[in-house]
Amino acid sequence: MKKLLVSVGLLTCCLLSACSGAKDTLKDKYKDYFPIGATLSYTGVKNDTFKNVIGEFNSMTCENEMKWGSVHSYDTVTKKHTYAYQQADEMVEYAQDHDMRIRGHALVWHQGLGNEDGTTSWVFLDENDETQYATKEVILQRMRDHIYEVMKHFGDDVYCWDVCNEVIDDNNAIEMYEDKSNVYRASDWYVTCGDEYIMEAFRYAGQVRDELGLNVKLFYNDYEMDNPIKVAKTVEMIKKLQENNIPIDGIGMQSHYDIGNFNMDNFENAIITYSNLGIEVQITELDVSVYANGSAIDSSPSSWFDYGSDEYYYYTNIQAAIYGRIGEIARKHKDKITGVTFWGLGDEESWLSKYSAGDYRYGRTDFPYLFDIFQERKTSYERFTDF
Ligand code: GLA
């Protein structure tokens, strides 16, 4: 009798969930592996743009709203700056309301400093003579002040920080690596402070974490993190931190791919190499463009295509195969990977279509995610969750 009741109960549950249309979400599928995240923008949050798919994710990264230029309000006349957290705060609340954990992105970066017009940011300039760089001491102190204020403000609402973003040079020519002329990116940070700013950023973030008793992990985040030369340079930097007893807990592999540039072996080897340094690995900005950059498909408008065209199905199928592989390799290394985050939620809105503040990159629309322009699951979704 008991058996019969249990069976009836089970059947009712199945019927109920079938009727209510309840399906497994991404985060459910991956619950035994790692959290699945997405980037949100302030407008996306205000308009609840992705309300149909937000429940698929359990981690959130602010696209821009926690970056230096967003949390500082700088008055070019009075030369005073104040901290401005309103947008990021609203996004934190939204994420928490949706049971998402929050990645802090990013404390120190050469872009996003509020000088998108291409001029040198106030961060590097002498207060009394803006034709000159400030001294290294002044710049490092500004960096420390920023790290302290921002880490304190968000406290334990974020579970990790990208302490530095993209400090490794992206010229991966072997000869330049061999003569060590291109380990670090020649940014304003590097030109004024050498690699000391990287060491100091992590050291100081560790100090702030201890002083404030925060439960946050400290990450390094960058793109092309599976290019073997870039891996070698990154490993060199991490070892330098570790040899100096400076804390670093994890590596963020941004993972902006396209249908022509994903190399399974490089991806897997990089995960293993970083993990062998005793740190966590996360995929932090995943997307797969349906245009192979640099190839003929990008070179003329005649190769751009629209949603629903034959090309759309052809290329999103290639994309799906890549997403299948990425999911498979990530799951295989679930002991090393502590999060996978997409750089967006659905094809309706993407930095690859509206690259750089609304200018259409190459003048075309991209379709880089698991959900289509109507927030419906694509073949890429099926392949990513095919296990
Ligand atoms: C890099 C940064 C991100 C974002 C993207 C482009 O990957 O880390 O914050 O700016 O570029 O959207």
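Presented here is a report on the structure given in the accompanying data block.

Taken together, Lys-67, His-105, Trp-109, Asn-165, Glu-166, Gln-254, His-256, Glu-285, Trp-343 and Trp-351 make up the full set of residues near the ligand. His-105 is positioned with one of its side-chain polar atoms (N or O) 2.6 Å from an oxygen atom of the ligand. Calculation on the ligand without its partners gives an accessible area of 300 Å², and the protein chains cover 87% of this total. Counted by class, the shell around the ligand contains 3 nonpolar, 4 polar and 3 charged residues.

Aromatic rings in a pair are described by how distant their centres are and how their planes are angled relative to each other. Applying the stated criterion to the full structure yields 32 aromatic pairs. Aromatic side chains Phe-57 and Phe-342 sit 6.4 Å apart centroid to centroid with 75° between the ring planes, which places their arrangement in the edge-to-face category. Placement of the pair is Phe-57 in the loop between helix 3 (42-46) and strand 2 (59-62) and Phe-342 in strand 13 (residues 337-342), with a sequence separation of 285 residues. Take Phe-57 and Phe-342: they sit in the same class, and that class is buried. For the pair Tyr-323 and Phe-342, a centre-to-centre distance of 5.9 Å together with 45° between the ring planes defines the contact as tilted. With Tyr-323 in helix 13 (residues 310-332) and Phe-342 in strand 13, this residue pair connects regions lying 19 residues apart in the sequence. Like Phe-342, Tyr-323 is buried. Taken together, Tyr-30, Tyr-33, Phe-34, Phe-57, Tyr-323, Phe-342, Phe-371, Tyr-381, Phe-384 and Phe-387 form an aromatic cluster joined through their ring pairs. The ring of Tyr-159 is capped by Arg-101, whose NZ or CZ atom sits 3.8 Å from the centre of that ring. One Lys or Arg, Lys-230, reaches over the ring of Tyr-223 and ends 4.1 Å from the middle of that ring.

Attention now goes to the pattern of salt bridges. By the definition in use, this model includes 15 salt bridges. Lys-46 is the partner of Glu-90 in a salt bridge, and the nearest nitrogen-oxygen pair spans 2.8 Å. With Glu-90 in helix 5 (residues 86-97) and Lys-46 in helix 3, this pair connects stretches of sequence that are 44 residues apart. Judged by relative accessible area, Glu-90 falls into the partly exposed class, the value being 24%. One salt-bridge network, in which partners are shared between bridges, spans Arg-144, Glu-200 and Arg-203.

The end-to-end C-alpha distance of helix 9 (residues 196-212) is 24 Å, a good match for the 24 Å that 17 residues give at a rise of 1.5 Å each. Along helix 9, the residues classified as buried are Tyr-197, Ile-198, Met-199, Glu-200, Ala-201, Phe-202, Tyr-204, Ala-205, Gly-206, Val-208 and Arg-209. For helix 9, the elements touching its buried residues are strand 5 (101-108), helix 6 (136-154), strand 8 (160-165), helix 8 (188-193), strand 9 (217-222) and helix 10 (228-243). One or two residues past the end of helix 9 sits Gly-213, with phi positive at roughly 65°.

With that settled, consider the pairing of strand 2. Regular strands place side chains that alternate from one sheet face to the opposite one. Here strand 2 shows no split at all, with Ser-59 and Thr-61 on one side and Met-60 and Cys-62 on the other all buried. With 4 bridges connecting them, strand 1 (residues 36-40) and strand 2 associate as parallel partners. When the bridges of strand 2 are listed, Gly-37 appears paired with Ser-59. Alignment of strand 2 against strand 5, held across 3 bridges, turns out to be parallel. Pairing of Ser-59 across the sheet is with Arg-101, part of strand 5.

Helix-helix packing is characterised by the crossing angle of the two axes and by the distance between the axes. The geometry of helix 10 relative to helix 11 (residues 264-275) is characterised by a closest axis approach of 11 Å and an angle of 10° between their N-to-C directions. When the axis of helix 10 is compared with that of helix 11, the two are roughly parallel. Across the interface between the two elements, Pro-228, Lys-230, Val-231, Thr-234, Val-235 and Ile-238 of helix 10 pack against Asn-266, Ala-270, Thr-273 and Tyr-274 of helix 11. For the contact of helix 10 with helix 11, the residue count by class is 6 nonpolar, 3 polar and 1 charged.

Here helix 13 spans 34 Å end to end across 23 residues, near enough to the 33 Å set by a 1.5 Å rise per residue. Taken together, the buried residues of helix 13 touch strand 11 (256-258), helix 11, strand 12 (280-289), strand 13 and helix 15 (379-384).

The grouping of Asp-89, Glu-93, Asp-97, Asp-99, Asp-156 and Asp-157 at the surface amounts to a negative patch. Considering the arrangement of structural elements, one finds Asp-89 in helix 5.

Okay, the nonpolar core next. Of all hydrophobic cores here, the largest spans 98 residues; its most connected members are Met-151, Trp-189, Phe-202, Tyr-220, Met-253 and Tyr-274. The next biggest cluster of nonpolar side chains, apart from the first, holds 5 residues, and it includes Tyr-291, Phe-305, Tyr-312 and Phe-367.

Our next topic: unusual backbone geometry. Residue Ala-106 is bonded to the preceding His-105 through a cis peptide linkage, with omega at -5°. Mapped onto the fold, Ala-106 is located in strand 5. Residues other than glycine seldom take positive phi values, yet Asp-99 does so here, at roughly 55°. Along the chain, Asp-99 falls in the loop between helix 5 and strand 5. Classification of Asp-99 by relative accessible area gives exposed; the value is 64%. The backbone phi angle of Gln-375 is positive, close to 60°, even though this residue is not glycine.

Rules and cut-offs
- Throughout this description, residue numbers start from 1 for each chain and increase along the sequence as written.
- Thresholds applied to this predicted model are a pLDDT of at least 70 for local features of residues and 80 or more for the giving and counting of side-chain atom pairs; totals over whole chains, interfaces and linings are not thresholded and use all residues.
- Excluded from the side-chain calculations are hydrogens and water; all other atoms, namely the structure's heavy atoms, are used.
- For this purpose, a residue is taken to be near a molecule or strand whenever a single non-hydrogen atom of the residue falls within 4 Å of it.
- Throughout this description, a polar contact denotes any pair of N or O atoms lying within 3.5 Å of each other; where both atoms belong to protein, one of them has to be capable of donating a hydrogen while the other can accept it, and for residues adjacent in sequence the pair is counted only when both atoms sit in side chains.
- Computed by Shrake-Rupley with a 1.4 Å probe, the accessible areas treat only the displayed protein chains as cover when residues are assessed.
- Under this grouping Gly is polar, as are all residues other than the nonpolar Ala, Val, Leu, Ile, Met, Phe, Trp, Tyr, Cys and Pro and the charged Asp, Glu, Lys and Arg.
- The aromatic pairing rule takes the rings of Phe, Tyr and Trp, using the six-membered ring of Trp, and pairs them if the centres are within 6.5 Å, calling planes under 30 degrees apart stacked, those over 60 edge-to-face and the rest tilted.
- Helix numbering and strand numbering both begin at the N terminus, where a helix is a DSSP run of H or I of at least 4 residues and a strand a DSSP run of E of at least 2.
- Here's how the labels work: a residue is buried when its accessible area is under 20% of the maximum for its type, exposed when over 50%, partly exposed in between, all with a 1.4 Å probe on protein chains only.
- Only when the NZ of Lys or the CZ of Arg is both within 6 Å of the ring centre and within 35 degrees of the ring normal is a charge said to sit over the ring.
- For this analysis, a salt bridge means a side-chain nitrogen from Lys or Arg found within 4 Å of a carboxyl oxygen belonging to Asp or Glu.
- Take the residue count of a helix, subtract one, and multiply by 1.5 Å to get its expected span.
- Contacts are assigned to residue pairs that have any heavy atoms within 4.5 Å of one another.
- Strands were regarded as paired on the criterion that DSSP finds at least two bridges between them.
- Here, axes are lines fitted to C-alpha atoms. For helices the fit covers the stretch in contact, and angles between N-to-C directions go from 0 to 180 degrees.
- Convention used here: angles under 35 degrees read as roughly parallel, angles over 145 as roughly antiparallel, angles from 65 to 115 as roughly perpendicular, and any remaining angle as oblique.
- Residues with no salt bridge and a relative accessible area higher than 30% make up the patches, which join like charges within 9 Å and nonpolar side chains (Val, Leu, Ile, Met, Phe, Trp, Tyr) within 5 Å.
- Note on charges: Lys and Arg go in the positive column, Asp and Glu in the negative column, and His and the chain ends are not counted at all.
- The location of each charge is read from NZ of Lys, CZ of Arg, CG of Asp or CD of Glu.
- For our purposes a nonpolar core is just a set of buried Ala, Val, Leu, Ile, Met, Phe, Trp, Tyr and Cys residues, chained together by side-chain atoms within 4.5 Å.

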